[in-house]
Amino acid sequence: MAVNLDYSDVLKMKKAVDERFHLNVHFHDGCGGQYFSLDEKPTAELIDFIIEYFSNLGIKVSYTDDFQMFTLDKI
């Protein structure tokens, strides 16, 4: 089941990524649901950071094949 975050939670995650990796995570919210995207293929460290960040909140991250977009689901 998809997870919909409050914008304040999105901002916290974006800030955590920016502080550690100096990268911007783009947030998309529309009728089809929420998803996130990155400007370039992320490093393994960034991938793991995002997975761990949301795992601590009870949320599973699902990446696209190129790891440049991801969605969130309940664990």
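Look a little higher up for the structure.
Since this is a predicted model, take the numbers as computed values, not measurements. (Residues numbered from 1 in each chain as written. Predicted model: local features only at pLDDT ≥ 70, side-chain atom pairs only at ≥ 80, totals over all residues. Heavy atoms only, no water.)

With that settled, consider the overall build of the chain. Along its length, the chain carries two helices and four strands. Sequence-ordered secondary structure for the chain, helices as α and strands as β, is α-β-β-α-β-β. Scaling as 2.2 N^0.38, a compact globule of 75 residues should have a C-alpha radius of gyration of about 11 Å, and the chain matches this with 11 Å. Structurally, the chain occupies a C-alpha span of about 30 × 25 × 20 Å along its principal axes. Relative to its full complement of 75 residues, the chain shows a buried share of 32%. When the accessible surface of the chain is summed, it comes to about 5000 Å², and 51% of that surface belongs to carbon and sulfur atoms. One way to put it: in the chain the 7 positive side-chain charges average out to a point 4 Å from where the 13 negative ones average out. (Helix = DSSP H or I, 4+ residues; strand = E, 2+ residues; numbered from the N terminus. Rg over C-alpha atoms; globule rule 2.2 N^0.38 Å. Buried < 20%, exposed > 50% of the residue type's maximum accessible area, 1.4 Å probe, protein only. Areas by Shrake-Rupley, 256 points an atom, 1.4 Å probe, with all protein chains shown as cover. Lys, Arg positive; Asp, Glu negative; His and termini not counted. Charge placed at Lys NZ, Arg CZ, Asp CG, Glu CD.)

What follows deals with helix α2 (residues 44-55). Owing to its 3.6 residues per turn, the α-helix aligns residues three or four sequence positions apart on the same side. With 12 residues, α2 ought to run about 16 Å at 1.5 Å a step, and its terminal C-alpha atoms sit 16 Å apart, in line with that. Structurally, α2 contributes buried residues whose contacts are with α1 (7-21), β3 (59-63) and β4 (69-74). (Expected span 1.5 Å × (residues − 1). Contact = heavy atoms within 4.5 Å.)

So, on to α1. When the terminal C-alpha atoms of α1 are compared, their 21 Å separation across 15 residues agrees well with the 21 Å that a helix rising 1.5 Å per residue should span. Within the sequence span of α1, burial applies to V10, M13, K14, A16, V17 and F21. Within α1, the buried residues cover an arc of 155° as seen down the axis, which keeps them to one side. With respect to the buried face of α1, the exposed residues turned more than 90 degrees away are K12, K15 and E19. Looking at the buried positions of α1, the neighbouring elements they touch are β1 (26-30), β2 (33-37) and α2. Phi turns positive, to about 55°, at H22, one or two residues after α1. (Arc of directions from axis to C-beta.)

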